[in-house]
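Inside the fold
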Amino acid sequence: QVQLVESGGGLVQPGGSLRLSCAASPSIFSINAMGWYRQAPGKQRELVAHITSDGTTNYAASVKGRFTISRDNAKNTVYLQMNSLKPEDTAVYYCNADGWIGLRWYANWGQGTQVTVSS
């Protein structure tokens, strides 16, 4: 079974930075694409950033220029570097990954990590 474990959330002041990590297991999980989504209270889950197997990235307009998504294929890990954080970035951030184990396709979510931007 595929598992995604996120880390790196927390409380930060406006203008600060955080780096989220999401590690996928097992190691035989051949990942296609990975992404970060977020959900603020009372709002729908939305895409924050996405990265494909060839490194192509896509960002929500609200985070473009402030957030950077990257991946380490050897570690089956995706990162989200978040700079110049704003109070409106406060949300639970979820990792998503899809790919193959053998002939079986998986698309899984992590448990989420809270990011709070507040003074």
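Everything discussed here concerns the structure shown above.
Within any chain, residue numbers begin from 1 and follow the written order of that chain's sequence. With pLDDT at 70 or above as the cut-off, local features in this predicted model cover only qualifying residues; side-chain atom pairs require 80 or more to be listed or tallied, and sums for whole chains, interfaces and linings still use all residues. Water and hydrogen atoms play no part in the side-chain values, which are based on all heavy atoms of the structure.

Observations regarding the packing of aromatic side chains
Pairs were defined over the aromatic rings of Phe, Tyr and Trp, the Trp ring being its six-membered one, requiring ring centres within 6.5 Å. Orientation was assigned from the angle between planes: stacked under 30 degrees, edge-to-face over 60, tilted for the rest. In total, this model carries three aromatic pairs according to the counting rule given. Between Y37 and W109, the ring centres sit 4.9 Å apart and the planes meet at 70 degrees, which makes this aromatic pair edge-to-face. With Y37 in strand β4 (residues 30–39) and W109 in strand β10 (residues 104–109), this pair connects stretches of sequence that are 72 residues apart. Residues W100 and W105 carry aromatic rings whose centres are separated by 5.0 Å and whose planes lie at 70 degrees to one another, so their mutual orientation is edge-to-face. Over the ring of Y94 we find R45; its NZ or CZ atom is 3.7 Å from the centre of that ring. Above the face of the W109 ring, R45 is positioned so that its terminal group lies 4.6 Å from the ring centre. The numbering of helices and of strands both runs from the N terminus, where a helix is a DSSP run of H or I of at least 4 residues and a strand a run of E of at least 2. As a reminder, the over-ring test applies to NZ of lysine and CZ of arginine, requiring each to be within 6 Å of the ring centre and within 35 degrees of the ring normal.

Focus: the pairing of β4
The criterion for strand pairing is that DSSP finds at least two bridges linking the strands in question. In terms of strand pairing, β4 meets strand β9 (residues 91–101) through nine bridges, oriented antiparallel. By the bridge assignment, G35 is partnered in β9 with N96. Where β4 meets strand β5 (residues 46–51), five bridges bridge the pair, whose relative direction is antiparallel. Its bridge partner lying in β5, G35 is registered against H50. In this structure, the hairpin formed by β4 and β5 is closed by a connection of six residues, where G42 is found at a positive phi of approximately 80 degrees.

Focus on the state of the cysteines
The disulfide criterion used throughout: a pair of cysteine sulfur atoms within 2.5 Å. If you walk through the whole model with that rule in mind, you get one disulfide. A sulfur-sulfur distance of 2.1 Å marks the disulfide that ties C22 to C95. Because the sign of the S-S torsion sets the handedness, a value of about -80 degrees for the bond joining C22 and C95 places this disulfide among the left-handed ones. Here C22 is found in strand β3 (residues 18–25), whereas its partner C95 is found in strand β9, with 73 residues between them in sequence. For the pair formed by C22 and C95, the shared burial category is buried. Remark: exposure states derive from per-residue accessible area (1.4 Å probe, protein chains only) relative to the maximum for the residue type, with buried under 20%, exposed over 50%, and partly exposed in between.

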